[in-house]
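Chain by chain, the residues run as shown.
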Amino acid sequence: MAKTASALHILVKHKELAEDIIAQLNKGAKFDVLAKKHSSCPSGKKGGSLGEFKKGQMVPQFDKVCFTGELITPHLVKTKFGWHVVKVLYRT
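Calculation criteria
- Residues numbered from 1 in each chain as written.
- Predicted model: local features only at pLDDT ≥ 70, side-chain atom pairs only at ≥ 80, totals over all residues.
- Heavy atoms only, no water.
- UniProt positions renumbered as here; feature names shortened; annotations may be inferred.
- Pairing = 2+ DSSP bridges.
- Helix = DSSP H or I, 4+ residues; strand = E, 2+ residues; numbered from the N terminus.
- Axes fitted to C-alpha atoms, helices over the stretch in contact; angles between N-to-C directions.

Per an unreviewed UniProt entry, the recorded name for the protein chain is Peptidyl-prolyl cis-trans isomerase C, and the organism is Shewanella gaetbuli. Its UniProt record gives the protein chain a comment under Sequence similarities (unreviewed entry), which states: "Belongs to the PpiC/parvulin rotamase family." The UniProt entry for the protein chain carries the following comment under Function (unreviewed entry): "PPIases accelerate the folding of proteins. It prefers amino acid residues with hydrophobic side chains like leucine and phenylalanine in the P1 position of the peptides substrates."

For the rest of this paragraph, the subject is the sheet that holds strand β2 (residues 49–54). Taken in spatial order, the 4 strands make up an open sheet running β2-β1-β4-β3, and their pairing is antiparallel. Unpaired on one side and paired on the other, β2 and β3 (75–79) mark the two borders of the sheet. Across the sheet, the axes of successive neighbouring strands diverge by a mean angle of 40 degrees, strand direction being ignored. As defined by bridge partners, strand β1 (residues 4–12) adjoins β2 across 4 bridges and the pair is classed as antiparallel.

So this is what it looks like as structure tokens:
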């Protein structure tokens with residue numbers, strides 16, 4: 001089982017915007033460009049990169065997607081911070 005993961009994310013307040021971002025990604029939009037434009041998380045300035053992190057380091061809903069969700073596919077996750085569009089890059 002993976003102990004670390006690396007992911008990109010875009011944090012927004014509204015589900016509709018998160019769904020629209022996923023639709024744009026599915027049409028070929030660049031994740032880093034959308035992160036810089038829409039994300040309310042400081043990581044948005046870095047294209048949404050969270051770098052590598054350990055299992056259990058993130059809030060449970062986010063952690064679950066990062067360690068069980070399909071790689072590279074954008075996922076929609078609701079946490080206490082808002083709506084996240086998450087793209088898991090790899091697990092180790």
